[in-house]
4 protein chains.
Amino acid sequence: MSTLNPAYAAIRQQAYEANMQLPALGLVLFTFGNVSAADHSLGVFAIKPSGVPYEKLSPENMVIVDFDGNAVEGDLRPSSDTKTHAVLYKHWPKIGGIVHTHSTYGTAWAQSQRDIPLFGTTHADYNTVDIPCAPPMDDAMIEGNYEYETGFQIMNCFNDRGLDYKEVEMVLVGNHAPFTWGKTADKAVHNSAVLECVAKMALLTEQINPQAPRLKEALKRKHWERKHGPDSYYGQS
Amino acid sequence: MSTLNPAYAAIRQQAYEANMQLPALGLVLFTFGNVSAADHSLGVFAIKPSGVPYEKLSPENMVIVDFDGNAVEGDLRPSSDTKTHAVLYKHWPKIGGIVHTHSTYGTAWAQSQRDIPLFGTTHADYNTVDIPCAPPMDDAMIEGNYEYETGFQIMNCFNDRGLDYKEVEMVLVGNHAPFTWGKTADKAVHNSAVLECVAKMALLTEQINPQAPRLKEALKRKHWERKHGPDSYYGQS
Amino acid sequence: MSTLNPAYAAIRQQAYEANMQLPALGLVLFTFGNVSAADHSLGVFAIKPSGVPYEKLSPENMVIVDFDGNAVEGDLRPSSDTKTHAVLYKHWPKIGGIVHTHSTYGTAWAQSQRDIPLFGTTHADYNTVDIPCAPPMDDAMIEGNYEYETGFQIMNCFNDRGLDYKEVEMVLVGNHAPFTWGKTADKAVHNSAVLECVAKMALLTEQINPQAPRLKEALKRKHWERKHGPDSYYGQS
Amino acid sequence: MSTLNPAYAAIRQQAYEANMQLPALGLVLFTFGNVSAADHSLGVFAIKPSGVPYEKLSPENMVIVDFDGNAVEGDLRPSSDTKTHAVLYKHWPKIGGIVHTHSTYGTAWAQSQRDIPLFGTTHADYNTVDIPCAPPMDDAMIEGNYEYETGFQIMNCFNDRGLDYKEVEMVLVGNHAPFTWGKTADKAVHNSAVLECVAKMALLTEQINPQAPRLKEALKRKHWERKHGPDSYYGQS
């Protein structure tokens, strides 16, 4: 392996550590997931190599890719979902990490082509809307530049619904599976685990009470604001 | 950190050990839960600091708070749910520990706004009524002193139903999640695990037999009394 | 502790090892289960002490009890379910071990007061009938010698249905939970794990296909006989 | 034990390692599963001995059997399912490994006698059809050479539906449980874990949306081809 550019050492390390959290959190079987970590000042991100088992990952074998999806540094082929990551980084400048998994409950909602309903405060601690499920893509998009178009499918869904990617950091791609993001790769992984937890609770809620109502407006606002508002009081500031 | 008052060492230790049981029992994801341990003679309780991961907890970083919710000792901000704990300790003098989690099945029942039905002896070993689900609060309570009012919502639910907090040591807050308590923090954690177990069994019971009947009166009394009655014969006295 | 009778050392060891398998197999929360091991030639069995956590068990603190339920040796109080074990050993001479758990899926079927339907070969490898659910007891039995009567409730269920306890080694007690048995305590624990597995599969089967048919007669006979018949060819020996 | 033929050392090792993955992946309870590894040039396969716990397995105690099901080398009795493996190896020359488990969700679909519907890309990454459920066998086949006929039941199912065993590497046997295969024993185990994952997701999908549509044609083709087509770009080539 040729000498690695030290400018990418930080995102290599972040991407490596975040990828290793996926099996520890029970979010992936085999290699069914990937995390990337971006450096917007350099216009690149580090991403998991495709199909490599987690136990063989290292900061050094992460692949460096630019925001057009071109490999910049690394001997291995990057994740097959790399272009989806690239599109999102290119258009959403405030995100520093992206995660894609096929986690069980999140994927089941995606396969069902339904948004995950906002039933409780666990969900409202993260966002105040149903978690959106983008529709499956048109055939032309699928047969064309599929992974690239997946990024646009996600962005179109957010545009159509008037959602802000800085407030809603998770989405389901219909028939496929979840994507999440955040200010850092670590936070994006956190969001993937929360999505899976909320997805399971929502299914159970509908099973216990098929007429379960959505969370009321005042509770939505309260839980969001105590964690994310200007006067938030959750955590250590 | 300044010198810690040795009078609080015991509740610091109890709160620390009880908090550490939550991830071990599978009751929390990340920091979605908190335990406190009270000393009624001193009028204070020790509680988990807000948003701090379990692996960074220690007896020393528990926060000491009085029964009006004022911080007494500690450099960190206490759990965002601290005022709920304070209200319950202030009004329910016989409890020494309180737990709040977002455990999966308990939370699903809370989101469903249904009491957990008393279907079997596992449940009756702990109490002889459906586990109550307090209704979501009025908007005025939510927009006011939310966590403080959550304590009153729990107490009002018990008063309205004529329940004794010394006999029924668990509740669901509608749209939110479970709270449990007990004579000690350790027993309160035990009750959280039992609630989650009973919540899962109750959902499965309804799935197997939507017409499943409640536990009959004689079995309720028998299981309660063999564990808690004057002639109890469970455990080592 | 006084000197222990060496004649009971073997059943103490068997009961201890079998009890320790319950948490390892995920069949118990806290102390919600107990195993005993009998020596019919001596007319006694060793059983878990009541309410003692698994990590504090040892061969030495198992309690020796006779088949009328009288303590023979041991400083601790035996399991609260001891009399149920005693009745079964007294009337069913071929069993050497009994297990009681509140395992999640088995208990849910018991709470549903339904037999577990025989849907597949996993079940037929163990027995060729629906796993019976004994009805909840009459109030007079509950208010009388409850745990003693539980043993008779199980035996009555087997008599009423014409079942042989040597062929069907598991039962649900309605509203309560499963009991299993076997030639040894180890085999009885094995049966508890199988019951839980079959109970989960049966619920899932009904969810996937509410009209799922029972296993056909020829498959029942084949799977039973290849494991238990005179020409069995499963396993070594 | 007599001296082992070194020609079989490789398949002994492969079969041993692949069998040991089953409990690690949560696919088996006790001994409810078996893996074999074949050497087509020698006309034999190595398979798990019947009823031996996984912790007692070694490369040396795998049993060597020919494609007619005759034991060639080994002191132990081979898996009771050996003849099913033999039939498949004899007729399907391109497979090097076969796995049989009673994994929970896969078995529940088999007991339901339903194909597992193709709902998403997780499934399409492996094959582009519903996972077939072969019907339970005729009584004559069951009462005759049962395990041998099971192999034909699987092949007949594939012939009837026009499926290619090199493209669809998994099947459910109705009322029984899953079988999977692959170019190697390791890949066959991989397929067993994927089947279980897809089986669980499919049940959840139907629970979330009973009208969930099948995956659209374009997505099926795309996901299959990016992993298996001539221009595949998944993994490191």
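Reference entry: report on the structure contained in this document. Here the residue numbering is sequential within each chain, running from 1 through the sequence in written order. Chain letters and ligand numbers both follow the written order, the letters beginning at A and the numbers at 1. Residues qualify for local features only when their pLDDT is at least 70, as the model is predicted, and side-chain atom pairs are given and counted only at 80 or more; totals for whole chains, interfaces and linings, by contrast, use all residues. Heavy atoms from the whole structure form the basis of all side-chain values; hydrogens and water molecules are not counted.

### Regarding the side chain of Ser80(A)
So, point 1. What counts as a helix is a DSSP run of H or I of at least four residues, what counts as a strand is a run of E of at least two, and both are numbered from the N terminus. Here Ser80(A) is to be found in the loop between strand 4 (71–73) and helix 2 (82–91).
So, point 2. Contacts: residue pairs with any heavy atoms within 4.5 Å of one another. When near neighbours in sequence (up to four residues on either side) are disregarded, Ser80(A) contacts Ser50(A), Glu147(A), Arg226(D), Tyr233(D) and Tyr234(D).

### Re the interface of chain A and chain D
So, point 1. The partner chain D presents 35 residues to the 36 residues of chain A that form the contact.
So, point 2. The term buried area means the drop in 1.4 Å probe accessible area that two parts suffer when joined, counted for both and summed. Summing both partners gives a buried area of about 3,100 Å² for chain A against chain D, and 56% of it is carried by carbon and sulfur.
So, point 3. Summed over the three residues of chain A that lose the most area to chain D, namely Phe30(A), Arg77(A) and Gln111(A), the buried surface amounts to 21% of that side.
So, point 4. When a carboxyl oxygen of Asp or Glu is within 4 Å of a side-chain nitrogen of Lys or Arg, the pair counts as a salt bridge. The interface formed by chain A and chain D includes four salt bridges.

### What to know about the relation of the copies chain C and chain B
So, point 1. Least squares is the method for superposing the copies, and the C-alpha atoms it fits come from residues with pLDDT of at least 70 in both. With an RMSD of 0.0 Å, the fit of chain C onto chain B corresponds to turning through 90° and sliding 0.0 Å along the axis. The transformation relating the two chain copies, once decomposed into turn and shift, fits a four-fold axis. Among all C-alpha atoms of chain C, that of Gln207(C) lies closest to the rotation axis, at 6.0 Å.
So, point 2. Here only 3% of the contact residues of chain C are again contact residues in chain B; the copies associate through non-equivalent surfaces.

### Some thoughts on the interface of chain C and chain B
So, point 1. Between chain C and chain B, the residue contacts involve 36 residues of the former and 34 residues of the latter.
So, point 2. It is Phe30(C), Arg77(C) and Gln111(C) in chain C that bury the most area against chain B; as a group they hold 21% of the surface buried on that side.
So, point 3. Across the chain C-chain B interface, the total number found is four salt bridges.
So, point 4. For the purposes of these results, a polar contact is taken to be a pair of N or O atoms within 3.5 Å, where, inside protein, one atom must be able to donate a hydrogen and its partner to accept one; residues adjacent in sequence count only when each atom of the pair is a side-chain atom. Inspection of the chain C/chain B interface yields 21 residue pairs in polar contact (both at pLDDT 80 or more).
So, point 5. Secondary-structure elements contributing two or more residues to the side of chain C that touches chain B are helix 3 (104–112), helix 5 (139–143), helix 6 (146–161) and helix 7 (185–208) of chain C.
So, point 6. Counting residues per element, the side of chain C that touches chain B draws most heavily on helix 3 of chain C, at seven residues.
So, point 7. Split by residue class, the side of chain C that touches chain B holds 14 nonpolar, 15 polar and seven charged. We call Asp, Glu, Lys and Arg charged. Ala, Val, Leu, Ile, Met, Phe, Trp, Tyr, Cys and Pro are nonpolar, and the rest, Gly among them, are polar.

### Digging into the sheet that holds strand 7 (residues 170–173) of chain C
All names here are of chain C.
So, point 1. Strands were regarded as paired on the criterion that DSSP finds at least two bridges between them. Overall, mixed pairing links the eight strands, which are arranged 4-3-2-1-5-8-7-6 in an open sheet. With partners counted over all chains shown, the strands left at the sheet margins are strand 4 (71–73) and strand 6 (133–134), one partner each.
So, point 2. Where strand 5 (residues 97–101) and strand 8 (residues 178–182) come together, four bridges link them in antiparallel fashion. Directly across from Val99, in strand 8, lies its bridge partner Thr180.
So, point 3. Every axis corresponds to a line fitted to the C-alpha atoms, with the helix fit spanning only the stretch in contact, and the corresponding angles, defined between N-to-C directions, vary from 0 to 180 degrees. In the packing of helix 7 onto the sheet, the strands contacted are strand 1 (33–39), strand 5, strand 7 and strand 8, and the crossing angle to strand 8 comes to about 140°.

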